[in-house]
Amino acid sequence: MVRLPLTPAELERGQRLGALLRRARGERSMLLTALDAGVSPETLRKIESGRIATPAFPTIAAIADVLGLSLDAVWSEINTSDGGAELPGPTARERLAS
């Protein structure tokens, strides 16, 4: 399976996701957060640093649950630019066509 390169919008969303999770985790240990969510500490570190810009939905759902974040809040935060506008994102079909 060939993975398409990530778009700039996807990379930006990954950065916002990582920042959101770091803020929500606060002083809580990365190790304990990861273990409570059932993911490896390395995976959480990569998501928080933006190195995994498009993590799997179940991974984000588990981390959000441990941190007490609603998925609606996560979605809203990562899909909004600094100016408050909704960021456009191409559909999978549009990405394949380009």
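Please refer to the structure placed before this passage.
Note that the structure is predicted; figures quoted are calculated from it, not measured.

Student: For this particular structure, what's the right way to read the pattern of salt bridges?
Tutor: Following the criterion strictly, the structure yields five salt bridges and no others. With a closest N to O distance of 2.9 Å, Arg23 and Glu77 form a salt bridge. Of this pair, Arg23 sits in helix α1 (residues 8-25) while Glu77 sits in helix α5 (residues 71-78); the two residues are 54 residues apart in sequence, bridging distant segments of the chain. Where Arg28 meets Asp36, a salt bridge forms, and the shortest distance between an N and an O atom there is 2.4 Å.

Student: Sorry if this is basic, but what is going on with the packing of helix α3 (residues 41-49) against helix α4 (residues 57-67) here?
Tutor: Two numbers describe how α3 lies on α4: the axes approach to 12 Å, and their chain directions differ by 90°. Relative to α4, the element α3 lies roughly perpendicular. Along its contact with α3, which presents Thr43, Leu44 and Ile47, the element α4 presents Thr59, Ile60 and Ile63. Taken together, the residues of the contact of α3 with α4 break down into four nonpolar, two polar and no charged.

Student: What is the right way to look at the nonpolar core in this model?
Tutor: Side chains of nonpolar character tend, in soluble globular proteins, to be buried together. By size, the foremost hydrophobic cluster in this structure holds 14 residues, and its most contacted members are Leu17, Leu21, Val39, Ile47, Ile60, Ile63 and Val74. Every element with two or more residues in this core is listed here: α1, α2 (30-37), α3, α4 and α5. If one sorts the elements of this core by residue count, α4 sits on top with four residues. Residues within four places of Leu21 in sequence aside, it is in contact with Ile47, Glu48, Ile60, Ile63, Leu67 and Leu69.

Student: Teacher, can you tell me more about the layout of surface pockets here?
Tutor: Think of a ball as big as a water molecule: rolled over the atoms, this probe shows where empty space is left. Roughly 340 Å³ of volume is contained in the largest pocket. Taken together, 15 residues line the largest pocket, and the ones lying closest to its centre are Leu17, Pro55, Ile60, Trp75 and Ile78. Secondary-structure elements contributing two or more residues to the lining of the largest pocket are α1, α4 and α5. Its residues placed into classes, the lining of the largest pocket shows 10 nonpolar, three polar and two charged.

Student: How should the environment of Ala64 be read in this particular structure?
Tutor: Checked against the element boundaries, Ala64 lands in helix α4. Judged by relative accessible area, Ala64 falls into the buried class, the value being 0%. Along the backbone, Ala64 and Ala24 are 40 residues apart, and their C-alpha atoms lie at a distance of 8.8 Å. Apart from the residues lying within four places of it in its own chain, the contact partners of Ala64 are Leu69, Leu71 and Val74.

Student: Help me understand α4 in this model?
Tutor: Note on helix geometry: an α-helix contains 3.6 residues per turn, so any two residues three or four positions apart are oriented the same way. Along α4, the positions that sit buried rather than exposed are Thr59, Ile60, Ile63, Ala64 and Leu67. Each buried residue of α4 sits inside an arc of 125° when the element is viewed along its axis, so together they form one side. Pointing more than 90 degrees away from the buried face of α4 are the exposed residues Phe57, Pro58 and Asp65.

Calculation rules
Residues numbered from 1 in each chain as written. Predicted model: local features only at pLDDT ≥ 70, side-chain atom pairs only at ≥ 80, totals over all residues. Heavy atoms only, no water. Salt bridge = Lys/Arg side-chain N within 4 Å of Asp/Glu carboxyl O. Helix = DSSP H or I, 4+ residues; strand = E, 2+ residues; numbered from the N terminus. Axes fitted to C-alpha atoms, helices over the stretch in contact; angles between N-to-C directions. Parallel < 35°, antiparallel > 145°, perpendicular 65-115°, else oblique. Contact = heavy atoms within 4.5 Å. Nonpolar A, V, L, I, M, F, W, Y, C, P; charged D, E, K, R; others polar. Core = buried A, V, L, I, M, F, W, Y, C linked by side-chain atoms within 4.5 Å. Buried < 20%, exposed > 50% of the residue type's maximum accessible area, 1.4 Å probe, protein only. 1 Å grid on protein atoms, 1.4 Å probe; cavity = no way out; pocket = protein on both sides within 12 Å on 5 of 7 lines; lining within 4 Å. Points joined across faces, edges and corners; volume = space filled by probe spheres on them. Arc of directions from axis to C-beta.

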